[in-house]
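# Residue-level structural notes
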Amino acid sequence: MEPTRRTVLQAGALLASGGTLAACRSTTGSDEEGDALRVAGYPVDRVRALATGEVRIEGYRHRFEKAAIYELNAVAMGGDQRWDIQEIGLLPYMLATANEGFADYTLIPVFPLRAFRHKSMFVRVDGDVSKPEDLRGRRVCTAGYSQSSLTWIRGILQHEYGVHPHEMKWVLARKSSEGEVSRNEARVPEGVEFTWGPAGRDESQLLLEGTVDAVLSAKEPQAFIDGDPRVRRLFPDARRTERAYFEKTGIFPIMHAVAVRKDLVDRDPGLPLAAYVAYAQAKDRNYSAMRDVGWAMTALPWYAQELEETRALMGDDFYAFGIRANRTTLETLFRYSHEQGLCSRRL
């Protein structure tokens, strides 16, 4: 597939961002499937063409493996590092780099998962937490502490509503309703007071039992997914609130990035750029499909109108890659991580 104009511009932006990429690369890749690049992550729509092989990484064969973020982080940062190119939690990666000197992977500015986070705060229907300010002095449960999502939520509460992290009583669930929390998501800075939740109980169960007053979670608690009438979002109209947040700040929070194994980059300095271009091409294909017959490919009845409204508010490239288009968002997350004591230095 020939690069689109947008892809070429994005690649130029990547080079302009100061990344240490060579101006040219080897185009020789192995023809043996066993030597194919192992690529891992979520096969979401903006990555699907790469996952299915419709889009190739120039000069290489690859095979895509589906994996969830807890596993992805654990494998890259402390595991067997079996994937050559993989999705990774942006903040856990940056904390490992800044605090521990982690340098086994090279990050590229591909952001396969972004999400507004006002929707990620949950309370009991019969509780007395009705607005963000009511979280002061309350027992707030999280599965882990140092995920990108939780850092965004704490930053939003502090800077948009004046509720500082130290004003809440943190309860850390020992497991999440979507699985075990890896050590990369469970880093708690010195000076943060917290208690551990009961063994064997996830954040959803603790909220239902009344052990905690609120849950902050990247993924909806299982009770909410199951439609339990005792649980609701803190923001009843989270969509409206998140749109207003974007209009005010221009920020579409980044959760995940993509990383390339450093030993492969040492052998072929052009591999990060080749991977970036492939991911960008996959995203462009998805944009085209969304505009063409996307409304027919999903069961959502107002898909076309939602796409039109999103483009009107956020622009045509609303899932932008690259440094330049995301500088404000990245700088905000890194500032939050330093303010919250997670990062030993300002990134």
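Our subject is the structure listed above.
Predicted model only: the values in this text are computed from it and were never measured.

Procedures and definitions
Residues numbered from 1 in each chain as written. Predicted model: local features only at pLDDT ≥ 70, side-chain atom pairs only at ≥ 80, totals over all residues. Heavy atoms only, no water. Core = buried A, V, L, I, M, F, W, Y, C linked by side-chain atoms within 4.5 Å. Buried < 20%, exposed > 50% of the residue type's maximum accessible area, 1.4 Å probe, protein only. Contact = heavy atoms within 4.5 Å. Salt bridge = Lys/Arg side-chain N within 4 Å of Asp/Glu carboxyl O. Helix = DSSP H or I, 4+ residues; strand = E, 2+ residues; numbered from the N terminus. Axes fitted to C-alpha atoms, helices over the stretch in contact; angles between N-to-C directions. Parallel < 35°, antiparallel > 145°, perpendicular 65-115°, else oblique. Nonpolar A, V, L, I, M, F, W, Y, C, P; charged D, E, K, R; others polar. Pairing = 2+ DSSP bridges. Polar contact = N/O pair within 3.5 Å; in protein donor to acceptor, adjacent residues only side chain to side chain. Patch = residues over 30% accessible without salt bridge, like charges linked within 9 Å, V, L, I, M, F, W, Y side chains within 5 Å. Areas by Shrake-Rupley, 256 points an atom, 1.4 Å probe, with all protein chains shown as cover.

### Considering the nonpolar core
Counting residues in hydrophobic clusters, the biggest one holds 55 residues, and the most contacted among them are Leu135, Leu157 and Leu216. When residues no more than four places from it in sequence are discounted, the contact partners of leucine 157 are Met121, Pro132, Leu135, Gly162, Val163, Met168 and Leu216. With 25 residues, the next largest nonpolar core counts Val110, Leu264, Leu271 and Ala282 among its residues.

### Re the pattern of salt bridges
A complete count under the given rule lists 26 salt bridges for this structure. A salt bridge links arginine 38 to glutamate 65; its shortest N-O distance comes to 2.7 Å. Residue arginine 38 is located in strand 1 (residues 37–41), and its partner glutamate 65 is located in strand 2 (residues 62–66); the two are separated by 27 residues in the primary sequence. Among the salt bridges present, the one from glutamate 339 reaches arginine 335, with a minimum N-O distance of 3.6 Å.

### Observations regarding the packing of helix 5 (residues 148–161) against helix 8 (residues 238–249)
Their axes nearest at 14 Å, the elements helix 5 and helix 8 cross at an angle of 70°. Regarding the angle of helix 5 to helix 8, the classification is roughly perpendicular. Between helix 5 and helix 8, the contacting residues are Trp152, Ile156, Glu160 and Tyr161 on the first element and Thr241, Tyr245, Lys248 and Thr249 on the second. Taken together, the residues of the contact of helix 5 with helix 8 break down into 4 nonpolar, 2 polar and 2 charged.

### Some details on the sheet that holds strand 9 (residues 214–216)
Pairing is mixed in the open sheet, where 6 strands are placed in the order 8-7-6-9-5-10. Bordering the open sheet on either side are strand 8 (194–196) and strand 10 (231–233), each of which pairs with just one other strand. Looking at each pair of strands side by side, their axes are set apart by 30° on average, direction ignored. Of the pairings in the sheet, the one linking strand 6 (residues 139–143) to strand 9 comprises 2 bridges and is parallel in character. Among the inter-strand pairings, cysteine 141 is bridged to a residue of strand 9, identified as valine 215.

### A short note on the pairing of strand 3 (residues 85–89)
By the criterion of burial, strand 3 is predominantly enclosed, with 5 of the 5 residues buried. Burial of the side chains of strand 3 extends over both faces: Ile85, Glu87 and Gly89 are buried on one face and Gln86 and Ile88 on the other. Bridge count between strand 1 and strand 3: 2 bridges; the pairing is parallel. Pairing of valine 39 across the sheet is with isoleucine 85, part of strand 3. Summarising the sheet, strand 3 and strand 11 (residues 254–261) pair through 5 bridges and their orientation is antiparallel. The partner of isoleucine 85 across the bridge, within strand 11, is valine 260.

### Describing the side chain of asparagine 286
Mapped onto the secondary structure, asparagine 286 falls in helix 10 (residues 271–297). By relative accessible area, which is 10% here, asparagine 286 ends up buried.

### Quick word on the side chain of glutamate 65
Within polar-contact distance, the side chain of glutamate 65 engages the side chain of arginine 38 at 2.7 Å. Ignoring any residue separated from it by four or fewer positions in sequence, one finds glutamate 65 in contact with Arg38, Val39, Ala40, Gly41 and Trp83.

### As for a nonpolar patch on the surface
On the surface, a nonpolar cluster with roughly 370 Å² of combined accessible area is contributed by Val293, Trp295 and Met297. Note that valine 293 resides in helix 10. Under the relative-accessibility criterion, valine 293 is labelled partly exposed at 36%.

### Quick notes on the sheet that holds strand 11
Sheet architecture is open: 5 strands sit in the order 2-1-3-11-4, paired in mixed fashion. Each edge of the open sheet is held by one strand with a lone partner, namely strand 2 and strand 4 (105–114). When the angles between neighbouring strand axes are averaged without regard to direction, this sheet yields 30°. Here helix 3 (residues 69–76) sits on the sheet in contact with strand 1, strand 3, strand 4 and strand 11, set at roughly 110° to strand 3.

That is the geometry; function is a separate question.
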